[in-house]
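# Structure at a glance
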Amino acid sequence: MSAARAFALQTLTEWGCADRHDDVRLCVSELATNALLHGVPPGREFCLTVVTDGSMVRVEVRDSGDGRPEVAEGRVDDCGGRGLRLVTALADDFGVTAHNPGKTVWSVFKTAAARIEEPCDGSI
């Protein structure tokens, strides 16, 4: 997950998006972890994409696994299962887009205007 977090931070820094670093990095970590634990069949990988139009940052994690992630309620003493709750609390929007095969889990963050002249994207 450190490579995904580092990629997101480097991309935001290059774009001049400085106001949501912590929120984006945490959500990248949660979405990438979920893809590895629940979405990626053995022998396959996931794709992280970060996109901006200067007023928002969109993080997308695509995997080829089945199923649709859902926000779990969880109990206070649970050791896990809070990742998507964190994402929905920190992001301005969140969703899942189905593909055949797989899905893209995404989150959107409104940002202060960045120094972007046209929409940009980065992927790893």
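The rules we used
- Residues numbered from 1 in each chain as written.
- Predicted model: local features only at pLDDT ≥ 70, side-chain atom pairs only at ≥ 80, totals over all residues.
- Heavy atoms only, no water.
- Helix = DSSP H or I, 4+ residues; strand = E, 2+ residues; numbered from the N terminus.
- Buried < 20%, exposed > 50% of the residue type's maximum accessible area, 1.4 Å probe, protein only.
- Contact = heavy atoms within 4.5 Å.
- Areas by Shrake-Rupley, 256 points an atom, 1.4 Å probe, with all protein chains shown as cover.
- Core = buried A, V, L, I, M, F, W, Y, C linked by side-chain atoms within 4.5 Å.

Of regular secondary structure, the protein possesses three helices and five strands. Here the protein holds 124 residues, and 39% of them are scored as buried. Summarising the internal contacts of the protein: among those between residues at least 6 apart in sequence, 66% fall at separations of at least 24. If you sum the accessible surface of the protein, you get close to 7100 Å²; carbon and sulfur atoms cover 50% of it.

Looking at the element boundaries, S29 is found in helix α2 (residues 21–39). Residue S29 is classed as buried on the basis of its relative accessible area of 14%. Once residues lying within four places of it in the same chain are set aside, the contact partners of S29 are M1 and R5.

On to the nonpolar core. With 24 residues, the main nonpolar core has L12, V24, V28, L31, L48, V50 and V59 as its most contacted residues. Elements with a contribution of two residues or more to this core: α1 (2–15), α2, β1 (47–52), β2 (56–63), α3 (83–90) and β4 (103–110). Examining the composition of this core, we find that six residues originate from one element, α2, more than from any other.

It is worth stressing that arrangement in space is one thing and function is another; only the former is reported here.
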